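# Commentary on secondary and tertiary structure
Listed here are the chains, written in short residue letters.
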Amino acid sequence: MNRLLSTFVLLITASVPLSARAEVSFVRDIAPILLKRCAGCHGEKANLGGYRIHTFQYLMKAGASGRAEIVPGSPEKSTLYQRIVTPVEAIRMPKSDDALSSAQAQLFRRWIAEGAKFDGSDTTAPLKGLLGVRRHPLAPPVYRAPVPIMALTFTPDGQQILVGGYNEATLWNVATGVLVRRLERLPQRIQALAFSPNGKSLLVAGGTPGEYGEVSRVDFSTGERTKVYDTLPDIVLSAAFSPNGQQIVAGGADGSVRVYDWESGKRLWSSKVHADWVTSVCFSGEGNLVASASKDMTVKLYEAKTGSLYTTYNGHNRQLGRYAGQAPVYAVQFAAESPLAFSAGGGRWIQSWDANLAKNESGDAADMEERFARESHTQYLEHGFAHEVFALAVQDGQVFAASADGILKQFDTKTLREVRSYPCGEEWLFALHVSPTVHRVAVGSYSGEVRVWDTQTGQSVIAFRAQPSTSPKPASYSPKTR
Amino acid sequence: MCSLYRGCLAVLLMGCMLGIRAEAQVPNRIEVHPSAIQLDSRRAYRQMVVTGYFGGVPHDVTAQATYKVADSKMAKASGSRIEAVGEGQTTLAVRYGGKSVQVPVCVTHTSKPDPISFKFETRAILTKQGCATGSCHGSPHGKGGFSLSLFGYDPTIDRVSLTHDGYNRRVNVLDPAESLMLKKPLLEIPHVGGKRLRKNEVAYQILTNWIYQGVNTDLPKVECDRIQITPASGRVLKAPFLRQQIGVLAHFTDGSLRDVSRIATYDTSNSAVATVDSDGLISAHSRGQAAISVRYLDSFESIPVTVVVDVPGFHWNNPPETNFVDRLVDNKLQQLQYLPSERCNDSVFLRRLSLDFTGLLPTAEQSRHFLTDTASDKRLRLIDTLLNSEEFARFQALKKADLMRVSPARLKEGRAGVFSEWLVSAMRTNMPYDRFARAILTAEGDTERVPTANYFLAIPSMEERTEMTAQIFMGTRIECTKCHNHPFENWTMRDYYRIAAVFARTKNEGETITLASTGEAQHPTTHEVMTPWGMTSQQQQNHVERRTAFAEWLTSPDNPYFARVEVNRIWADLMGRGIVEPIDDFRSSNPPSNAPLLDALAQEFVKSGYNRKHILRLIASSRTYQSSSMPNAFNGSDESLFSHAKVRLLTAEQLQDALGTATRLLPPPSELEVRLPDVQKQVDVRTAELTSRFPTWLTSKEGAEAQKQFALTPKGKELLALPPDKCEERLKATLLRRYLEQDNDLRNLKQRLETLQQRMDYATQRPYPQGTEFTTTFGQPKRETACTCERQHSPTLLQALEMLNGGTAFRLAQESVSRYAAFDNERLVEELYLSALCRFPTEREKSVSRGFLTSSSDRNRAVMDLIWTVMNTQEFLFQH
């Protein structure tokens, strides 16, 4: 049997041209294949056959069979390799799936023959992290279909607006709605855009859902990515500057919250206390706290310096009382130079609360029942939307809320009364920015539309599709693209 | 390494040995479905199903037939699937075994765009790939933050989940291959649900194109009305024809038709017998029966498949047939090549029938009498005797009461007794079952006076009434459809709330069931006011009461559930397994193991005027019922075709009473006739005695005090306010009643009398369960649901311990000594065996037992040990 098999293996290997002569790199060549083709069944969460490959250390360990799957120097004795190249579909890996290409199999063969060496820094680190920073492709010349806008920001002078696109951010003239410039080779999805205090650089965060997140710095004039603060195993959903502009905070679908020094790029701290996605992050108005909202229905507050947990705000998950309700939180914002926070998501209210009072009210488990029943200091602003609020902005005593109803509303932070309601079409609104210099608010929608309003008069300034596109409708179906 | 390859070799060899390739045989004729093909869109196709008739027997030859389209510019054959190419008319030639059929093909609208429909394709695929199942994203809270409606019952949930939710993370219109909803199931990135999608599948094409085309989630008004399956009825698969292709045609409410064979979801009820692949191709694996189910959106159909494998040495021996039951059971057995077991002996029959009909063991005397009777019709006579016994009525009523939640906890102040007594009398008089159902379902009034109204008192909510009625009388577990359409059946939420509407006006006012003139059931999501189930429009116009209309529908002779469900319950009671099993889970994906038998029994039931005793007699007198539980060489593996009797643990009530009979501590019910008048007489004597003493007592100091006390009570005040003539009479009567009530002796006597009348000492005869630790251990239900599954049938360790070491068994054995000790050893052993096992001991049993009794120095102790030993034999604990 064994001899037969070896002959077969020789046949396979002989048929592959041995072009590349440089040594095979585990990190560059092998890890990406393992992640894409094997980690689904032999990864962090699943270990079929008792075998996992999510770190190099595990890759080299034996599975349930008790024998190491990889024998350095000998592809013939390495079950992993044999299972990749066997012609018998019933036992071939990846199971019930297309076989690896012969070039890929050849990479494995050479890597094992060359000693199955590890060229990363840490054999216990997840392979996902080894892959490092991605080089992003150019954006598509025109958008065949609308790309939902998840982030937008006015330029510091308020005359232009930068909109998150697909592998890019696009710059538009607010007066005309004309495309000014494209900042390309950015993450696939852009979830956060913010200008640095001097207006010269941009904080850009986003990624590829389910597999990659990135926090980076982009030179606004050249459009070049000048620094990557971090990469994450899932998309980054939110990022923001501290009031003094010296730190940034980011959080996303991996549930972590991370704070970096803007200039040095050093990670100051990271925390993973949420049970679900982190949907929104910000610094407090005084800069001493960091807040993170989550689908887990809480807002967490941290000491901005150390990252130690300051308190948990539970107003969106109340079992009892007048404001009972359980809802994910999608947005948290602070009023300038103040501990006053606004948070919203699912549910009927925008909640206005004080970070310090929230800590006082957040007691221990013993008095939980009592605390649940008692009404807190929180002020509940009934927003009147039928659906979720995805974005909040606080500016000059006004709080703006953008909802999945397709409506933007403006409230007074003192009276909590509705000032104005801006109809923004049928589609969900995800992105919102209020210019601190001109009295304007902009929202971006699921269908790729930007609407700009004057916050004092309530007049529409402009509405346009912020999409590099030639036709207003998605291209019709063409069988060639099947 | 080596073992690995040996495994593969085995796989390869297996394929050869099974010889699964059907050789081209010559059929008498072939039948091609469809007989004409209409393809009316660019992506339209039609799955062909070709049947060859070999000596009249149909077999699927779809895979072996050849398909040739005359004009390839109009249509093309992809395997046995005909696909549209361009507009026009042509013909398809189908050939097999020298036979040929021409099928006209008409292709239209291929120049028009044919975008993927979210409503009719995308959703179907999400169900087909398993995404929307209850254990994955279809669970109420989804999985991993991604939630879909169960089997796509609510497209408005699914559209948002797929496109907007999670910040649009699941779809990528610009680069469909980058969509998370494809990469996860392709396992390009880790997915807890595993590999669910392959790039060569039609599912991948549909999802990718749907995304590419802009994730359109329009929901047109048209609905899928039903699906039509080819072949329309079940098939028998036998080598070399071990495959069967299914074709699925969807009928839409706008009259259009579409072949959905590729996007329908297929499943099997028994994967050991037959499996079905994602294109609807069934493969047979081993002898037996399976239901292949087909789901497309909310429509659901099943077809039964029978796989026949020749059993070496099998030869049908034409066993005797008593009635049509045996004939229909035998048909199935012969087809699947099982031989029925021999007829059981007299003692097994006696014990089995007594337990089934009355719940009780016969006494030693009755057993001896039956076993020594030499008349040839003694079994038939026994059946009739037992059918006419009071014990039969009570034990049958117990089973009905189990389902209708008759318990004093629910039906207070004697109402449990009132309802029970009605059930007993219905069984005693053999009330036609349709009348029985109508009396219950249309009951109204004071629950103390109208026994059947307690059915509604026991379950106050409209929803519970809906579910319980469906389960008891329609054999349908409809609970699922309260919140979503049924996962394995055609029942929908609309159906649920239409049945609910039947009970929407049945109100509980205190303890009285009343009919309100208003009250509706609303569909929870559409808020549509539902028309009551079973009501015709004419009945609606005539304002026929909703429950009356429902009962009329239910008990009409052509109702598909009513008669079937009840005969199946009767069958299961007698045979230990329903023809449909579980007995209250009738659905096409859970077909009867012998459909002709169930149909014939139901027909007979209807024809007899819903005569339960007639059906019981019919089954009990059949050879099938009377077959031995010992399997033979050709039926050991049969579990559902009734080739041999099923060995069953006695139920809790049967066991408790059987222990009483075996230990002779529980007097046989026949003795009640003697004991009841005796106790009644004692009650009368004591009452007369007290009544005569009453005038004296009334004037005594004690009596005066009692009068004074009574005058202060509300009742007393009320009586004293009456006119003097009436007042004195009523006052006296009331005081006498109180005087009698306070007498301990009389109270005890009356209690004793009631215990005897109500047969409280018999677990199988009481009106409601006693709920002792012993009966609970042995699975007695608390009567909290309408499901027979509430009764636990599977043996537990606790039960074994209870019998071996438990207080009850020990106490009974101990007390029983006095009932046996007086016999000499020879007689003692015989009496014990007759009492416990309904048979005479064998010579060996006699000598071992006698030896044991004589060798012991403490005879009483030895007698107790012997009783305990017999109590713990499997022969005693099981019905066989």
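Here is a short report on the structure shown in this document. (Residues numbered from 1 in each chain as written. Chains lettered and ligands numbered in written order. Predicted model: local features only at pLDDT ≥ 70, side-chain atom pairs only at ≥ 80, totals over all residues. Heavy atoms only, no water.)

### Thoughts on the packing of aromatic side chains
All names here are of chain A. Taken as a whole, this structure holds 54 aromatic pairs over all chains when the rule is applied. Measuring from ring centre to ring centre gives 4.9 Å for F195 and F220, while their planes differ by 80°; the resulting arrangement is edge-to-face. One end of the pair, F195, is in strand 4 (residues 179–195); the other, F220, is in the loop between strand 6 (212–219) and strand 7 (225–232), with 25 residues separating them in the sequence. Comparing F195 with F220 shows no difference in burial state: the two are buried. (Phe/Tyr/Trp six-rings, centres within 6.5 Å; stacked < 30°, edge-to-face > 60°. Helix = DSSP H or I, 4+ residues; strand = E, 2+ residues; numbered from the N terminus. Buried < 20%, exposed > 50% of the residue type's maximum accessible area, 1.4 Å probe, protein only.)

### Some details on the packing of helix 19 (residues 562–575) of chain B against helix 21 (residues 612–620) of chain B
Residues and elements named next belong to chain B. Viewed as axis vectors pointing N to C, helix 19 and helix 21 meet at an angle of 40°, and their least axial separation amounts to 10 Å. Classified by the interaxial angle, the pair formed by helix 19 and helix 21 is oblique. For the pair helix 19 and helix 21, the crossing hand works out as right-handed. In this structure, helix 19 uses E566, V567, I570, W571, L574 and M575 to contact helix 21, whose residues at the interface are R612, I615, L616, I619 and A620. Grouping the amino acids of the contact of helix 19 with helix 21 by side-chain chemistry returns nine nonpolar, no polar and two charged. (Axes fitted to C-alpha atoms, helices over the stretch in contact; angles between N-to-C directions. Parallel < 35°, antiparallel > 145°, perpendicular 65-115°, else oblique. Left-handed = near helix turned anticlockwise from the far one by under 90°. Contact = heavy atoms within 4.5 Å. Nonpolar A, V, L, I, M, F, W, Y, C, P; charged D, E, K, R; others polar.)

### A look at the nonpolar core
A general tendency of soluble globular proteins is for nonpolar side chains to be buried together. In terms of nonpolar packing, the biggest core is built from 134 residues, with B:M404, B:Y455 and B:F876 touching the most fellow members. Top contributing element to this core by residue count: helix 19 of chain B, with eight residues. If we skip the residues at most four places from it in the chain, B:M404 touches B:F419, B:L423, B:F436, B:I440, B:Y455, B:A458, B:M468, B:I472 and B:F473. Counting 68 residues, the second largest nonpolar core, distinct from the first, contains A:I235, A:A253, B:I125 and B:I246. (Core = buried A, V, L, I, M, F, W, Y, C linked by side-chain atoms within 4.5 Å.)

### Points about helix 2 (residues 26–38) of chain A
Residue and element names in this part refer to chain A. The terminal C-alpha atoms of helix 2 lie 15 Å apart, and with 13 residues this falls more than 12% below the ideal 18 Å at 1.5 Å per residue. Most of helix 2 is tucked away: 10 of the 13 residues are buried. What helix 2 keeps buried is the set F26, V27, D29, I30, A31, I33, L34, L35, R37 and C38. Each element contacted by the buried residues of helix 2 is listed here: helix 3 (56–60), helix 5 (102–113) and helix 6 (127–130). (Expected span 1.5 Å × (residues − 1).)

### Quick notes on the pairing of strand 19 (residues 288–296) of chain B
All names here are of chain B. Judged by how many residues are buried, strand 19 sits mostly within the fold: eight of nine residues are covered. With four bridges joining them, strand 16 (residues 265–268) and strand 19 adopt antiparallel strand pairing. What sits directly across from T268, in strand 19, is I292. Across nine bridges, strand 19 lies against strand 20 (residues 299–308) in antiparallel orientation. In the sheet register, A291 faces strand 20, and the bridge partner there is P304. The antiparallel pairing of strand 19 with strand 20 creates a hairpin that spans two residues between the two strands, and L297 there sits at a positive phi of about 50°. (Pairing = 2+ DSSP bridges.)

### Structural notes on a positive patch on the surface
Residues and elements named next belong to chain B. Judged by side-chain charge, K715, K726, R730, R737 and R738 come together as a positively charged surface patch. For the positive patch, the leading source of residues is helix 26 (residues 724–741), giving four residues. Summarising the element assignment, R730 is placed in helix 26. (Patch = residues over 30% accessible without salt bridge, like charges linked within 9 Å, V, L, I, M, F, W, Y side chains within 5 Å. Areas by Shrake-Rupley, 256 points an atom, 1.4 Å probe, with all protein chains shown as cover. Salt bridge = Lys/Arg side-chain N within 4 Å of Asp/Glu carboxyl O. Lys, Arg positive; Asp, Glu negative; His and termini not counted. Charge placed at Lys NZ, Arg CZ, Asp CG, Glu CD.)

### Observations regarding unusual backbone geometry
Note that the residue after A:M93, namely A:P94, is joined by a cis bond; omega there is -5°. With respect to the helices and strands, the residue A:P94 is situated in the loop between helix 4 (79–85) and helix 5. With an omega of 5°, the peptide bond between B:A239 and B:P240 qualifies as cis. Here B:P240 is to be found in the loop between strand 12 (235–238) and strand 13 (243–245). In the Ramachandran plot, B:L297 falls in the positive-phi region, its phi being about 50° despite a non-glycine side chain. Summarising the element assignment, B:L297 is placed in the loop between strand 19 and strand 20. Here the phi dihedral of B:Y610 falls at roughly 55°; this positive angle occurs in a residue that is not glycine.

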